Amino acid sequence: MNDEDWVTTPEYKDEELHALPTEEAREQPDRIIGDTKLPKFLEGWVKEATNVSHYNEIPAAMTALVLVGQMCKGFVRIPIKSSIIDSRVHFIWIQTSGTGKSELMNFVIPVSKGLWDKINAHHNYREHKYIGPHDKLEQFDNFEVVEYTDAALIGYQKIVIANETFAEENVDVEVGDEVWEPVKGSLDGHGLARWDEFTNSGVFSKTQHKNSIVTYLNTLMNSLGGSSQVITKKLKEGPVVECHSERSIMATTFPPDELDKAITETGLFQRATVYIWKVPEYIKDEIDEMIVDNFGTFEDVNLPIEKYTEELFEIYKLTQARYLSTAKYDEQGNEIEAPNPTKVIRRGADFRDAMRLRMHDLRRMVKAEEGITREAARTFLTRMNIMMGRIAYLCSVVEAKDIKDPKKQFVVTARNVNQSAFIIRNCYKSLISWFAQSLRVTKSGMAKTIGAGYLEVYENLKKTQVRRINNVDGWVPKKSMMENYRTTKNVSPATGYNHWDKVEGYFEETKDNRAVFVRLKKEGERK
């Protein structure tokens, strides 16, 4: 039976295959999951995470997917014609300071450490100190280092005196000879490559170290299974250093000054899933008000660390069992074909159509742009499509434990594509919005773009619906802006929002009695 023969039940096909997210979700895509139902595990994870990291639903979902992709990398591989990609997800989260990044990590990192401990014990993986200098590391852990030299990251070579064992394994060496011995760096091994402040990594700096770290991380993100993901470098002393890193990147930072150049010039960000959000003023105001209202008040928030550690480990064991079941045996019970990670996930009959439809969704987002914004956004599109497929596979993994019929487990369907597409669309939209804001700087520039229609609508609304909010004039209802633009330009809601993405950097937002209002920024206020 081939992949296309796995016909899914109707409920996998009728949810949202031909629908975009709801209008409300599209207006605030960074905060609202909308009508797209994520797998049960992810929905629970997001709910718990956003109890402490408010408004960060999409980053919360991404952190869970990073852990799932990392723990399953030995069991799940995805064929794309003659290529095979692994299950790892790399996530770079760039967002205004003080808006919940650290709070989310206070949930994610303890879960990851508990999960790695369980996996290491499950396989009796040896601790790093018991691994020979020439052997590969076994245990999962998290990369945590504040020193970013080549030696600290990928390792180095040191001179030692050859012992009897080394001399026996190397016929050209005698006991007592001086020989080079590799020392492993922090990037070596399995688990997370975690940066709490990615600005300190060197990626955004204009130094030789920047070139090195970009090369290391680009190599780390190559697909597993060959030699292309092995980091190699000849340092000043000793033989070539080899770093076998199978880690997943999870990096957070505030928007640095050199962000645009780093995104467009390094090629690093295209290989990861990037989420950029310059948090609106009214949301920062809400966060400030919550802090002030609760200042001096202690609330004991018991994060369900152990609960989600156990759930992830359950998913891990179930995926391992599915992987082992792909092996083939002869009549005597002898293994004649090893387990095959490309056969763990089966493709539902509706998967391909859903992928094509969602691919066109992303493509329309790019085509709605112009000039340099469109060029920058287009560099991400191919890998966004690949990531959309990868996350769809991971969604089928995490929901397997909630499917009772083994024949329906580990089948990736249109529903999984929709779940993945919702996350990817929000990440892609955040990226395009950032480019639009950072590359358009004047009102005259706005007037030359398709956003001139919004400028006209705004000026008209100022005559009829203008409001004064917090002693500031010039606010008009955002909903009226959207409706009037669609009417005057005769475009669909989706097209109207795509056009808005291009010019929203010219406007600031606020809330008044739960309604959203916008105001055209002054020239000096625009990026």
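Starting afresh in each chain, residues are numbered from 1 along the sequence in its written order. In keeping with the model being predicted, local features are shown solely for residues with a pLDDT of at least 70 and side-chain atom pairs are shown and tallied solely at 80 or more, while totals for entire chains, interfaces and linings include all residues. Side-chain measures were taken over the full set of non-hydrogen atoms in the model, leaving aside hydrogen atoms and water.

1. Side note on the sheet that holds strand β17 (residues 472-477)
Next up, step 1: Strand pairing requires that DSSP identify at least two bridges connecting the strands. Each helix is a run of DSSP H or I of at least 4 residues and each strand a run of E of at least 2, with the numbering of both proceeding from the N terminus. Overall, antiparallel pairing links the four strands, which are arranged β16-β17-β19-β18 in an open sheet. Since the sheet does not close on itself, it has two edges, and those belong to β16 (467-469) and β18 (507-512), each with one partner. The sheet shows a mean angle of 50 degrees between the axes of neighbouring strands, taken without regard to direction.
Next up, step 2: Looking at chain direction, β18 and strand β19 (residues 515-520) are connected through six bridges and run antiparallel. Looking at the pairing, glutamate 508 lines up with arginine 519 of β19.
Next up, step 3: In what follows, residue pairs with any heavy atoms lying within 4.5 Å of each other are defined as contacts. Angular values range over 0 to 180 degrees, each being the angle between N-to-C directions of two axes fitted as lines to C-alpha atoms, with helices fitted over their stretch in contact. Strand contacts of helix α15 (residues 452-464): β17, β18 and β19, with the helix running at about 110 degrees to β17, the strand carrying the most contacts.

2. Re the environment of isoleucine 263
Next up, step 1: Mapped onto the fold, isoleucine 263 is located in helix α8 (residues 259-265).
Next up, step 2: Type-normalised accessible area, obtained with a 1.4 Å probe on protein chains alone, sets the label of each residue: buried when under 20%, exposed when over 50%, and partly exposed for intermediate values. Judged by relative accessible area, isoleucine 263 falls into the buried class, the value being 0%.
Next up, step 3: For the pair isoleucine 263 and leucine 431, spaced 168 residues apart in sequence, the C-alpha separation works out to 9.9 Å.
Next up, step 4: Among all residues touching isoleucine 263, those that are not within four sequence positions of it are Phe269, Gln270, Ile276, Phe380, Leu431 and Phe435.

3. Some details on the nonpolar core
Next up, step 1: In plain words, nonpolar cores are sets of buried Ala, Val, Leu, Ile, Met, Phe, Trp, Tyr and Cys residues tied together by side-chain atoms within 4.5 Å. Of all hydrophobic cores here, the largest spans 118 residues; its most connected members are Trp45, Met71, Leu187, Trp195, Phe198, Phe269 and Tyr428.
Next up, step 2: In terms of residue count, helix α12 (residues 371-398) provides more of this core than any other element does, 14 residues in total.
Next up, step 3: Sequence-distant contacts of tyrosine 428, that is, excluding residues within four places in its chain, are made with Leu362, Met365, Val366, Ala377, Arg378, Phe380, Leu381 and Met384.
Next up, step 4: Grouped together as the second largest cluster of nonpolar side chains are 16 residues, Val476, Met481, Met482 and Tyr485 included.

4. Brief notes about the pattern of salt bridges
Next up, step 1: Any Lys or Arg side-chain nitrogen found within 4 Å of a carboxyl oxygen on Asp or Glu counts as a salt bridge. Enumeration over the complete set of coordinates arrives at 21 salt bridges.
Next up, step 2: Salt-bridge contacts for glutamate 337 lead to lysine 343; the nearest nitrogen and oxygen are separated by 3.8 Å.
Next up, step 3: For lysine 343, a relative accessible area of 39% gives the class partly exposed.
Next up, step 4: The residue arginine 467 makes a salt bridge to aspartate 512 at a minimum N-O spacing of 2.4 Å. In this pair, arginine 467 is assigned in strand β16 and aspartate 512 in strand β18, connecting sequence segments 45 residues apart.
Next up, step 5: Exposure remark for arginine 467: the relative accessible area of 35% places this residue in the partly exposed category.
Next up, step 6: One continuous salt-bridge network, built from bridges that share partners, spans Lys307, Glu311, Lys401 and Asp402.

5. Digging into helix α4 (residues 101-123)
Residues three or four positions apart in an α-helix share a direction because the helix packs 3.6 residues into each turn.
Next up, step 1: Working rule for helices: expected span equals 1.5 Å times residues minus one. When the terminal C-alpha atoms of α4 are compared, their 33 Å separation across 23 residues agrees well with the 33 Å that a helix rising 1.5 Å per residue should span.
Next up, step 2: Within two residues after α4, asparagine 124 carries a phi angle of roughly 55 degrees, on the positive side.

6. A look at a negative patch on the surface
Next up, step 1: Grouping into patches uses exposed residues only, defined as over 30% relative accessible area, and leaves out salt-bridged ones; the cut-off is 9 Å for like charges and 5 Å for nonpolar side chains (Val, Leu, Ile, Met, Phe, Trp, Tyr). To measure how exposed things are, a 1.4 Å probe is used in the Shrake-Rupley method; for residues, cover is taken only from the protein chains shown. All tallies of charge rest on Lys and Arg as positive and Asp and Glu as negative; His and the ends of each chain are not included. Think of each charge as sitting on NZ of Lys, CZ of Arg, CG of Asp or CD of Glu. Together, Asp135, Glu164, Glu168 and Glu169 make up a negatively charged patch on the protein surface.
Next up, step 2: On the secondary structure map, glutamate 169 appears in helix α6 (residues 164-169).

7. Remarks on the environment of isoleucine 336
Next up, step 1: Looking at the secondary structure, you find isoleucine 336 in strand β13 (residues 335-337).
Next up, step 2: A relative accessible area of 59% means that isoleucine 336 is categorised as exposed.

8. Some details on unusual backbone geometry
Among all residues save glycine, negative phi is the norm, and among peptide bonds the norm is trans.
Next up, step 1: A positive phi angle, near 60 degrees, is found at lysine 81, a position not held by glycine.
Next up, step 2: Structurally, lysine 81 can be placed in the loop between β1 (77-80) and β2 (83-86).
Next up, step 3: Take lysine 81: its relative accessible area is 87%, and that puts it in the exposed class.

9. Topic: a positive patch on the surface
Next up, step 1: A cluster of basic side chains, namely Arg356, Arg363, Lys367, Arg374 and Arg378, defines a positive patch on the protein surface.
Next up, step 2: Broken down by secondary-structure element, the contributors of at least two residues to the positive patch are α11 (351-367) and α12.
Next up, step 3: By the element assignment, arginine 378 lies in helix α12.

10. Re α11
Next up, step 1: With 17 residues, α11 ought to run about 24 Å at 1.5 Å a step, and its terminal C-alpha atoms sit 24 Å apart, in line with that.
Next up, step 2: Within α11, the full set of buried residues consists of Phe351, Ala354, Met355, Arg358, Met359, Asp361, Leu362, Met365 and Val366. Burial along α11 is one-sided: seen end-on, the buried residues are contained in an arc of 150 degrees. Turned more than 90 degrees away from the buried face of α11, the exposed residues are Asp353 and Lys367. When we speak of the arc, we mean the arc of directions from the helix axis to the C-beta atoms.

Function cannot be inferred from these measures alone, as they are strictly geometric.
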